[in-house]
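Structure assessment
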Amino acid sequence: MPHARSLLRVARRLAADSSIAEDLVQETLLLAWRGFDQFQPGTNIRAWLFRILMNTFYAQGRRIRSTPLLVSLQSPESEAEPGFRAPSSLLANAEVNQALADMSEEHRTVLLLGVVEGFTCKEMAEILAVPIGTVMSRMSRARQAMRSRLAANNEGGIRRGANGAACAQKGAS
Amino acid sequence: MNCSEAIEVLPAYLTGELETAKAQAIGAHLLGCPACAREAEQQKSLDLQLQAAVKSEDPDVSGILLRVKQSILAEAAAQVQPGSHALWPRRWIGLAIGAAAVVLASVLAYNVLLGQRTARVYADAAEDHRDEVTLAQPRHWRTELAEIQALAETRGVSAEAVNALGGSGYRLERGRICQLEDHLYLHLVVTDGAREYSLFLRPSDGTPLPGSTREVVNGRAVHAAHDASEQVAGFESKQLLAIVVTEDSPEAAMRLARAAANAL
């Protein structure tokens, strides 16, 4: 199942604990197996699986939702000479993961689906069962919130610039 | 197109999802507006960082896939048509009816408990016990003592406490993490040789447990919840809060609660 890892990566950032996230993915795959006759061949199976994941997550409600502080963050200043900042990608990843964990569930969800999993705004609208305009405005606000959090850590905002995909990877080279 | 309109549709513009006229309008706006152009660049940069951070994790899904396979095989076997030669479909039907009865009774009990509001933590514990122990839905359990102790310590339950349960007269079978109400708990399954029981543990935070006090054991007030299906009992020590669940009798729940209250 090539999509299981993607499902688990997202579930782990939505659910309260990694074993609860595993249950969520397990349930998603079982529901997909039971309802496979409802899948329309030729349509996007990843989007279909993520729709089941999100429906299952919402259906299970308050009991499985995450609280912040999934990732422990070490302050580089506390362990290095003043002014020095380790350019470690591990540290950068930890900061971004922490910022993601601290965000509202709504913002975290659109960033995970749109940016990380590469769904288009239209696909996200179907996965989350909300209008496409809502997806776009959530994306904009989520990105702003993420940038503010990272800027607070980085004392100057995002410093690495590069080209890449945005809301989704549709049409990207 | 003004700046706020441009920012609003930027995500769809960057993925090529906008209709031609709108895409041309935002393209023209970006050419003439350095602030929005910078915003677009920052969005792309942020996306790369996010992708790198989340995709740096390569989670192991082998356990999940194994459990899904087990469930699918069990369901496929259960779907064998009655009337075929084998005798065991009737057994499966019996099991299915039994399972359905347990679910129905428990759902009713859960609703009753929910109605009492204060006992939500007990309702959640009863639901977890029903799904994961009574109905044995496949889950990722730790079965080695050292693994269970390591898991316990991540939730603030000491390895000594897990060890102490060994002297309670019940044998520790397995453990995992679950969430009841708003807290994460260590969910242990213990057995007396005849039946499996759930024991949920977390560090005590002074929040009083719901339910009426049945008796005081080892200085700990043991509470119990009245429930038609799962029987629940709980107590709090200085360090730990413990909840016991069984589908057996109220006395069976109290027996384990007493043993745990003495051991912990």
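Details of the structure are given in the entry above.
Residues numbered from 1 in each chain as written. Chains lettered and ligands numbered in written order. Predicted model: local features only at pLDDT ≥ 70, side-chain atom pairs only at ≥ 80, totals over all residues. Heavy atoms only, no water.

Quick notes on the overall build of chain A
Check the secondary structure of chain A and you find seven helices and zero strands. With 173 residues in all, chain A has 53% of them scored as buried. If you take every contact in chain A between residues at least 6 apart in sequence, the share linking residues at least 24 apart comes to 68%. Accessible surface, chain A as shown: approximately 8100 Å² in total, 52% of it carbon and sulfur. (Helix = DSSP H or I, 4+ residues; strand = E, 2+ residues; numbered from the N terminus. Buried < 20%, exposed > 50% of the residue type's maximum accessible area, 1.4 Å probe, protein only. Contact = heavy atoms within 4.5 Å. Areas by Shrake-Rupley, 256 points an atom, 1.4 Å probe, with all protein chains shown as cover.)

Quick notes on the interface of chain A and chain B
At the junction of the two partners, chain A supplies 56 residues and chain B supplies 55 residues. Roughly 5000 Å² of surface becomes buried between chain A and chain B when both sides are summed, with 53% attributable to carbon and sulfur atoms. The interface formed by chain A and chain B holds eight salt bridges in total. Asp47(B) serves as the salt-bridge partner of Arg143(A), at 2.7 Å between the closest nitrogen and oxygen. Inspection of the chain A/chain B interface yields 19 residue pairs in polar contact (both at pLDDT 80 or more). Of the residues in the side of chain A that touches chain B, the class split is 27 nonpolar, 13 polar and 16 charged. (Buried area = accessible area lost by both parts, 1.4 Å probe. Salt bridge = Lys/Arg side-chain N within 4 Å of Asp/Glu carboxyl O. Polar contact = N/O pair within 3.5 Å; in protein donor to acceptor, adjacent residues only side chain to side chain. Nonpolar A, V, L, I, M, F, W, Y, C, P; charged D, E, K, R; others polar.)

With respect to the pattern of salt bridges
Side-chain pairs of opposite charge can arise whenever the charged atoms involved come near each other. If you walk through the whole model with that rule in mind, you get 23 salt bridges over all chains. One salt bridge in this structure joins Arg138(A) and Glu106(A), with 3.5 Å as the shortest N-O distance. One end of the pair, Arg138(A), is in helix H7 (residues 132–154); the other, Glu106(A), is in helix H5 (residues 105–116), and 32 residues separate them in sequence. On the basis of relative accessibility, which here comes to 14%, the residue Arg138(A) falls in the buried class. Assessed through its relative accessible area of 40%, Glu106(A) is described here as partly exposed. Where Arg130(B) meets Asp131(B), a salt bridge forms, and the shortest distance between an N and an O atom there is 4.0 Å. Assessed through its relative accessible area of 6%, Arg130(B) is described here as buried.

As for helix H2 (residues 18–34) of chain A
For H2(A), which comprises 17 residues, the first-to-last C-alpha distance of 24 Å matches the rise-based estimate of 24 Å (1.5 Å per residue) to within 8%. Inspection of H2(A) places Ser19(A), Ile20(A), Ala21(A), Glu22(A), Asp23(A), Leu24(A), Val25(A), Gln26(A), Thr28(A), Leu29(A), Leu30(A) and Ala32(A) among the buried residues, and these make up the whole buried set. Buried positions along H2(A) lie against helix H1 (4–14) and helix H3 (45–60) of chain A together with helix H4 (62–78), helix H6 (120–134), strand S1 (171–180) and strand S2 (183–191) of chain B. (Expected span 1.5 Å × (residues − 1).)

Things to note about the packing of H3(A) against helix H6 (residues 121–128) of chain A
Residues and elements named next belong to chain A. With their axes 8 Å apart at the nearest point, H3 and H6 run at an angle of 40° to one another. In terms of their interaxial angle, H3 and H6 are classed as oblique. By crossing handedness, the relation of H3 to H6 is classed as right-handed. Between H3 and H6, the residues in contact are Ala47, Phe50, Arg51, Met54 and Tyr58 and Glu126, Ile127 and Leu128, respectively. Classifying every residue of the contact of H3 with H6 gives six nonpolar, no polar and two charged. (Axes fitted to C-alpha atoms, helices over the stretch in contact; angles between N-to-C directions. Parallel < 35°, antiparallel > 145°, perpendicular 65-115°, else oblique. Left-handed = near helix turned anticlockwise from the far one by under 90°.)

A closer look at unusual backbone geometry
Working note: non-glycine residues mostly have negative phi, and peptide bonds are mostly trans. All names here are of chain A. For Ala129, which is not a glycine, the phi torsion comes out positive at approximately 55°. Here Ala129 lies in the loop between H6 and H7. The exposure class of Ala129 is exposed, given its relative accessible area of 66%.

Comments concerning the sheet that holds strand S5 (residues 220–225) of chain B
All names here are of chain B. Strand order in the open sheet formed by seven strands is S1-S2-S3-S7-S6-S5-S4, and the pairing between neighbours is antiparallel. Only two strands of the sheet have a single partner each, and these edge strands are S1 and strand S4 (212–217). Averaged over all adjacent pairs, the angle separating strand axes in this sheet is 25°, with direction ignored. Those strands touched by H6 are S1, S2, strand S3 (196–203), S5, strand S6 (231–236) and strand S7 (240–246), and its axis lies near 125° from that of S1. Of the strands in this sheet, S1 and S2 touch helix H7 (residues 145–154), which is tilted by about 30° from S1. (Pairing = 2+ DSSP bridges.)

Overview of the side chain of Ser71(B)
Examined against the element boundaries, Ser71(B) turns out to sit in helix H4. Beyond its immediate stretch of four places on either side in the chain, Ser71(B) contacts Leu30(A) and Pro138(B).

Quick notes on H6(A)
Inspection of H6(A) places Cys121(A), Met124(A), Ala125(A), Ile127(A) and Leu128(A) among the buried residues, and these make up the whole buried set. One side of H6(A) carries all its buried residues, which in axial view fall inside an arc of 165°. (Arc of directions from axis to C-beta.)

Side note on the packing of aromatic side chains
The tally for this structure, following the rule as stated, stands at three aromatic pairs over all chains. Relative to Tyr58(A), the ring of Phe57(A) has its centre 5.7 Å away and its plane inclined at 55°; by these criteria the two rings are tilted. The ring of Trp141(B) carries Arg174(B) above its face, with NZ or CZ at 4.8 Å from the centroid. Over the face of the ring belonging to Trp141(B) we find Arg176(B), whose NZ or CZ atom lies 5.6 Å from the ring centre. (Phe/Tyr/Trp six-rings, centres within 6.5 Å; stacked < 30°, edge-to-face > 60°. Lys NZ or Arg CZ within 6 Å of the ring centre and 35° of its normal.)

Observations regarding the pairing of S4(B)
All names here are of chain B. Examined bridge by bridge, S4 and S5 share five bridges and lie antiparallel to one another. Across the sheet, residue Val216 finds its bridge partner in S5, namely Ala221. In this structure, the hairpin formed by S4 and S5 is closed by a connection of two residues, where Asn218 is found at a positive phi of approximately 55°.

A short note on the environment of Thr143(B)
Residue and element names in this part refer to chain B. Within the secondary structure layout, Thr143 lies in the loop between H6 and H7. Sequence separation between Thr143 and Leu172 is 29 residues; the distance between their C-alpha atoms is 8.7 Å. Look past the residues within four positions of Thr143 in its chain and what remains in contact with it is Ile148, Glu173 and Arg174.

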